[in-house]
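# Per-entry structural report
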Amino acid sequence: MRKNIVAGNWKMNNDLSQTESLLKALQDQKTTSNAEVMVAPTFTNLSQAVSTLKDSNIEVVAQNMHFAENGAYTGEISASMLKSIGVKTVILGHSERREYFNETDELLAKKVDAALAKGMRVIFCFGEELADRKAGNEEAVVGSQIKNALFHLSAAAFRNIVLAYEPVWAIGTGETASPEQAQDMHAFIRQTLANKYGEDVADGVSILYGGSVKPANAEEIFSKPDVDGGLIGGASLKAEDFFAIVNAF
Ligand code: PEP
């Protein structure tokens, strides 16, 4: 059975004291949600967050990692380093990484392999740009992002893969895909997985939607049958808003 997941991507926000305040505010929130909850602080605050949240139901995840085990990669962080501080899940392929740091599907395939080889779970992000959607190419773009970065994997590897469909035109713009647009794309993604790996694998993979999810629209988006949760940017920086989204499940 696939899980419902709500993950907050804090991006390059919050210094140590701001991180501590937000973590405390998160711990004060009440929830009856059945969703798994995750937050992704910046690298420098991961260790602190793991220790603060160790007795909570909130998992601390990383926003990125390098594919190499170690070596001459100045400024980079490896899967082993993340694991050594208790981080077991990593977000890979966020559109900001693709756009500002030139991350390609081929590079991401290497990162996915490195994370899985260390027993980590991957939240793999992808999504079309506005021009792709205007040209009616959104399924072709999304299909090729998934195939290029993930279709070398075995069926068993998908137990540790979570997909996050994030149309680039909806990230941080206030513009959200309609619940129907999200459902149509998620159904396409699941069918793409089913065609390659079979229905059982496709049914077991959680597919999150990301792009301007807020308390006001979360419930309707999450009500769609192929939307298993959300990757939340801006609204994850306020504990009340984030948990209002979590409580949409
Ligand atoms: C994101 O960056 O993954 C994201 C979905 O951002 P926002 O919710 O701010 O659109």
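Before reading on, note that the structure itself is shown above.
Let me begin by describing the structure that accompanies this report. (Residues numbered from 1 in each chain as written. Predicted model: local features only at pLDDT ≥ 70, side-chain atom pairs only at ≥ 80, totals over all residues. Heavy atoms only, no water.)

## Focus on the site of the ligand
- Inspection of the region around the ligand gives 14 residues, with Lys11, His94, Glu166, Gly172 and Ser212 positioned closest.
- Note that an oxygen atom of the ligand is positioned 2.6 Å from one of the side-chain N or O atoms of Glu166.
- Residue Gly234 places a main-chain N or O atom 2.8 Å away from an oxygen atom belonging to the ligand.
- For the ligand, the accessible surface in isolation is 290 Å², of which the surrounding protein chains cover 95%.
- Of the residues in the shell around the ligand, the class split is 4 nonpolar, 8 polar and 2 charged. (Near = heavy atom within 4 Å. Polar contact = N/O pair within 3.5 Å; in protein donor to acceptor, adjacent residues only side chain to side chain. Areas by Shrake-Rupley, 256 points an atom, 1.4 Å probe, with all protein chains shown as cover. Nonpolar A, V, L, I, M, F, W, Y, C, P; charged D, E, K, R; others polar.)

## A closer look at the sheet that holds strand β3 (residues 58-60)
- Taken in spatial order, the 8 strands make up an open sheet running β3-β2-β1-β8-β7-β6-β5-β4, and their pairing is parallel. Every interior strand has two partners, whereas the edge strands, β3 and β4 (89-92), have only one. Across this sheet, the average inter-strand angle for adjacent strands is 25 degrees, counted without regard to direction.
- Bridge count for strand β2 (residues 36-40) against β3 is 3 bridges, and the pairing is parallel. Within β3, the position partnered with Val37 by the bridge is Ile58. (Pairing = 2+ DSSP bridges. Helix = DSSP H or I, 4+ residues; strand = E, 2+ residues; numbered from the N terminus. Axes fitted to C-alpha atoms, helices over the stretch in contact; angles between N-to-C directions.)

## With respect to the pairing of β2
- The element β2 is extensively covered by neighbouring structure, given that 4 of its 5 residues are classed as buried.
- Relative to β2, strand β1 (residues 5-9) runs parallel, the two sharing 5 bridges. Residue pairing across strands places Ala7 opposite Met38, the latter belonging to β2.
- Each parallel crossover has a hand, and the one from β1 via helix α1 (residues 16-27) to β2 is right-handed. (Buried < 20%, exposed > 50% of the residue type's maximum accessible area, 1.4 Å probe, protein only. Right-handed = clockwise from strand over helix to strand, strands pointing away.)

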